[in-house]
Every structure is written in structure tokens, then in C-alpha cells.
Amino acid sequence: MSFYEKLQALNIELPAVATPAAAYVMYAQTGNTVFLSGHIAKKDGAPWVGQLGKNISTEEGKLAARAVAIDLIATLQAACGGDLNRVKRIVKLMSLVNSTPDFTEQHLVTNGASELIGEIFGEQGKHARSAFGVAQIPLGACVEIEMIVEIA
């Protein structure tokens, strides 16, 4: 099954690529490596605001991370010239989870993105990862994730 067939089977329609909110680009490529800028969680087109351990549960945070992964895949498609079949390997995700000092499930929140990427990209989607708890994320978003990808 192709990446596109997997997206269709999961009823995922890739959104339009987001525009930068500050002085950066959504992705940069050097050689066969694409670095995708951090994407914040959005719900109904607006920042998904909240803090894990305060007013967002781990399960809701996991859904937010999954939503970020969908946006990252849309940006990746643009970086691949519109063809996700150029993806050779998802190399790494770095996740920032807006959380209280005593919240310790950042890794579980980030699974929302990692699991979806694994479902879509299979073996090519197995990646290294870091998940951090942070005091705040731009616009008050609950999760921000960046991604590094090798393409053909």
C-alpha cells in the first residue's frame, strides 16, 4: 500500500501548508536531508492552547501530537515537490510539550505523532526521537514538533 493509500485508508486529507509565523521557512533542504521547522498543534484552524498536567490530558495531548504529524506530512509533501514517494526515511522527531513541572508523560503525548508516522511510512517511518517538557510554546500551543527526513 502506498503512502497515499494509507492516508486515504486513515481518512486523512493533508491540509494546505502552513505559513511561517516569524522569520523562518517551513523547511530547509541540504543534500538529501530535509529539516522541517517546528509545527504547533492546531484545532479547528487555531492554536490548540493548553498545558499538559493543568488543563489538557495525556490522551488529548496525544491527539494534538497526531494533528501536528498531519501538518508535518503536508509540509513534507511540499518539500518533496508534491511526491511523498520520495521519502526514504523519517530520521528524527523532536517534540516540545507545554507542561507543568510535575507532568512526566511527554513521551506518551509524542506517541500520537510517532504512531501515525509509523502507520503511514512503515519501516521508513521508524525514527529517533526526543520529547521535552517546556514551560511554554508560541501562541500557548500545547505541542510543537519538528522533523528531519531523508528524501531521494
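Quick caveat: nothing in here was measured; it's all calculated off a predicted structure.

Reading the values: the criteria
- Residues numbered from 1 in each chain as written.
- Predicted model: local features only at pLDDT ≥ 70, side-chain atom pairs only at ≥ 80, totals over all residues.
- Heavy atoms only, no water.
- Core = buried A, V, L, I, M, F, W, Y, C linked by side-chain atoms within 4.5 Å.
- Buried < 20%, exposed > 50% of the residue type's maximum accessible area, 1.4 Å probe, protein only.
- Helix = DSSP H or I, 4+ residues; strand = E, 2+ residues; numbered from the N terminus.
- Contact = heavy atoms within 4.5 Å.
- Axes fitted to C-alpha atoms, helices over the stretch in contact; angles between N-to-C directions.
- Parallel < 35°, antiparallel > 145°, perpendicular 65-115°, else oblique.
- Left-handed = near helix turned anticlockwise from the far one by under 90°.
- Nonpolar A, V, L, I, M, F, W, Y, C, P; charged D, E, K, R; others polar.
- Pairing = 2+ DSSP bridges.

S.K.: Whenever I open this one, the nonpolar core confuses me. Can you help?
M.R.: A general trend in soluble globular proteins is that nonpolar side chains are found buried together. Ranked by internal contacts, the top residues of the largest apolar core, which has 37 residues, are Leu76, Val87, Phe121, Val143 and Met147. Elements that contribute at least two residues to this core include exactly α1 (3–9), β2 (33–40), α2 (58–79), β5 (87–98), α3 (106–121) and β7 (143–151). Top element by residues in this core is α2. It accounts for 9 residues. Setting aside residues up to four positions removed in sequence, Leu76 forms contacts with Leu36, Leu84, Val87, Ile90, Phe121, Met147 and Val149.

S.K.: Sorry if this is basic, but what is going on with the packing of α2 against α3 here?
M.R.: Geometrically, a packed helix pair is captured by the angle between its two axes and the distance between the axes. Between α2 and α3, whose axes approach to 6 Å, the crossing angle comes to 45 degrees. Between α2 and α3, the crossing angle belongs to the class labelled oblique. Note on packing geometry: the crossing formed by α2 with α3 is right-handed. Contacts between α2 and α3 involve Thr58, Gly61, Lys62, Ala65, Arg66, Ala69, Ile70, Ile73 and Leu76 from the first element and Leu108, Val109, Thr110, Asn111, Gly112, Ala113, Glu115, Leu116, Ile117, Ile120 and Phe121 from the second. Here the residues of the contact of α2 with α3 are counted per class, giving 12 nonpolar, 5 polar and 3 charged.

S.K.: Can you help me understand the sheet that holds β5 in this one?
M.R.: Each strand in a sheet pairs with another by means of backbone hydrogen bonds, the pair being arranged parallel or else antiparallel. Taken in spatial order, the 5 strands of this open sheet run β1-β2-β7-β5-β6, and their pairing is mixed. Only two strands of the sheet have a single partner each, and these edge strands are β1 (27–30) and β6 (128–134). If you compare each strand with its neighbour and ignore which way they point, the axes differ by 15 degrees on average. Where β5 meets β6, 7 bridges bridge the pair, whose relative direction is parallel. The residue bridging Val97 from the neighbouring strand is Gly133, located in β6. Of the strands in this sheet, β5, β6 and β7 touch α3, which is tilted by about 160 degrees from β5.

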